[in-house]
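Inside the fold
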Amino acid sequence: MDETSDDELVAAVAKGDERSCRVLMDRHLARIVALGRRMLGNQADAEEVAQEVFLRVWTHAERWQPGRAQFGTWLHRVAANLCLDRLRRRRATVDIDEMPDLESGAPGPDRQLEESELSARVEAALQLLPERQRAAVVLSHYQGLSNTETAEILEVTVEAVESLLSRARRQLRTSLATERDELLRSREMSA
Amino acid sequence: MQKEITLKRFAGIVDAYGASPRRWPDDERASAEALVAASAEARALLAEAAALDGVLARAPVEAPSAALAERLLAARPRGVAAVPSPKPQAGFIRSLIEAVWPYGSPAVPAGALAASIVLGVTLGSISDISVLTQETAVTASVESGTEDSLVALALAEPAWPEEWMQ
């Protein structure tokens, strides 16, 4: 496990050190792609956003000031903003037929939910959340950021983050009720 | 300092953050965990939140492609350009030459010095020199002030990470 700090790695990246680039990517790339995937709903867009984030790191590495901010939090901030920008552009051109539909693929009660189908339905439910609620859930629940960090990234208060999370989880509870019941049932059967 | 929490507040916490204590607010976590240990209602709320967490955990996740990593490595910085060494401070005589001959290159100091002497003789007045000296001092002072303010600006500049958004 490389214990070099992110700040030190960024400084080395600015000097063109390939190994530091690799370590920084090993540490953060998968998380940033995961953020993009949950915000945007597909892997290709998620990788495009992650690429844009890291290209900015490469470009601005020599201007990074150690101690000014947590590098990981800044990556999340850049990635979240790029995702929200994409969602805003996408909203301007969205076709209603392209919206994820949770009803058409609902599993019947007599069959066990396939794992991949469940994943797809959770992803679709996330995509149906309003953008800022989705961002709050992704940053806080999936990325594990503190409510303070999430509030900082979304430029709202901690109380507002909590409100976004509550509303998001309420909608998810409703839209994924069938899936939740099915999952609980399958756990009981396997217990 | 831990806040005391009510069952209603606990319901609000799991409603927003789910069932995992690590996601709960730091200043309420211990009190919330104590409430779970003490209250069957709190445990019921926790189980409800855990069921939703279980479903949310099934959201798809894919590792970054090898192609993405390759593209990023290919685009990495290739080392910094050589930083030009700071321009040496002009000496007093050189400052005089520059003040006398501001638009020309004093590439040949001896020639420049000769030119300034000829010019000085032509003007025939030592007062011109003192004026020029004064102008030089003002120029140096302005340059020094500009450098100081640029350094101050760079140090105080709070928004560099915002550039990452652009």
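Residues numbered from 1 in each chain as written. Chains lettered and ligands numbered in written order. Predicted model: local features only at pLDDT ≥ 70, side-chain atom pairs only at ≥ 80, totals over all residues. Heavy atoms only, no water.

1. Quick look at the overall build of chain B
When helices and strands are counted, chain B shows seven helices and zero strands. Counting from the amino terminus, chain B carries its helices and strands in the arrangement α-α-α-α-α-α-α. By residue count, 28% of the 166 residues in chain B fall in the buried class. The contacts in chain B between residues at least 6 apart in sequence include a share of 54% that link residues at least 24 apart. (Helix = DSSP H or I, 4+ residues; strand = E, 2+ residues; numbered from the N terminus. Buried < 20%, exposed > 50% of the residue type's maximum accessible area, 1.4 Å probe, protein only. Contact = heavy atoms within 4.5 Å.)

2. Structural notes on the packing of aromatic side chains
Applying the stated rule across the entire model yields three aromatic pairs over all chains. Here Trp 64 of chain A and Phe 71 of chain A contribute two aromatic rings whose centre-to-centre distance is 5.6 Å and whose plane-to-plane angle is 90°, an arrangement assigned as edge-to-face. Residues Trp 64 of chain A and Phe 71 of chain A agree in their burial class; the two are buried. Between Phe 10 of chain B and Trp 24 of chain B the ring centres are 5.6 Å apart and the planes differ by 85°, which places this aromatic pair in the edge-to-face class. Within this pair, whereas Phe 10 of chain B is found in helix α1 (residues 7-17), its partner Trp 24 of chain B is found in the loop between α1 and α2 (26-38), the two being separated by 14 residues in sequence. You'll find Phe 10 of chain B and Trp 24 of chain B in the same group, each marked buried. (Phe/Tyr/Trp six-rings, centres within 6.5 Å; stacked < 30°, edge-to-face > 60°.)

3. Notes on the confidence of the model for chain A
Chain-level statistics for chain A give a pLDDT mean of 90 and a share of 89% at 70 or above. Per-element confidence in chain A is highest for helix α6 (residues 131-142) of chain A, whose mean pLDDT is 98, and lowest for helix α9 (residues 177-190) of chain A, whose mean pLDDT is 83. (pLDDT = per-residue confidence, 0-100.)

4. Focus: unusual backbone geometry
All names here are of chain A. A positive phi angle, close to 55°, is found at Glu 155, a residue other than glycine. As for its placement among the helices and strands, Glu 155 is situated in the loop between α7 (147-154) and α8 (158-175). You can call Glu 155 exposed: its relative accessible area is 62%.

5. Re the pattern of salt bridges
The full count for this structure, using the stated rule, is 23 salt bridges over all chains. Between Asp 6 of chain A and Arg 27 of chain A there is a salt bridge, with its nearest N and O atoms 2.7 Å apart. Of this pair, Asp 6 of chain A sits in helix α1 (residues 6-14) while Arg 27 of chain A is found in helix α2 (residues 18-40), placing the two residues 21 residues apart along the sequence. Measuring nitrogen to oxygen at the nearest pair gives 2.6 Å for the salt bridge that ties Asp 26 of chain B to Arg 29 of chain B. Of this pair, Asp 26 of chain B and Arg 29 of chain B both sit in helix α2, separated by three residues, roughly a single helical turn. Overall, the relative accessible area of 55% leaves Asp 26 of chain B in the exposed class. Overall, Arg 29 of chain B belongs to the partly exposed group, its relative accessible area being 23%. A network of salt bridges, in which partner residues are shared, links Asp 45, Glu 48, Arg 86 and Arg 90 of chain A. (Salt bridge = Lys/Arg side-chain N within 4 Å of Asp/Glu carboxyl O.)

6. Let's talk about the interface of chain A and chain B
Across the contact, 57 residues belong to chain A and 47 residues belong to chain B. Regarding the contact of chain A and chain B, the summed buried area is about 5100 Å², with carbon and sulfur atoms giving 59% of it. Between chain A and chain B we count eight salt bridges in total. Of the charged contacts in the structure, one is a salt bridge between Glu 62 of chain B and Arg 37 of chain A, with a shortest N-O distance of 3.0 Å. Summed over the shared surface of chain A and chain B, the result is 20 residue pairs in polar contact (both at pLDDT 80 or more). Within the side of chain A that touches chain B, the residues separate by chemical class into 27 nonpolar, 11 polar and 19 charged. (Buried area = accessible area lost by both parts, 1.4 Å probe. Polar contact = N/O pair within 3.5 Å; in protein donor to acceptor, adjacent residues only side chain to side chain. Nonpolar A, V, L, I, M, F, W, Y, C, P; charged D, E, K, R; others polar.)

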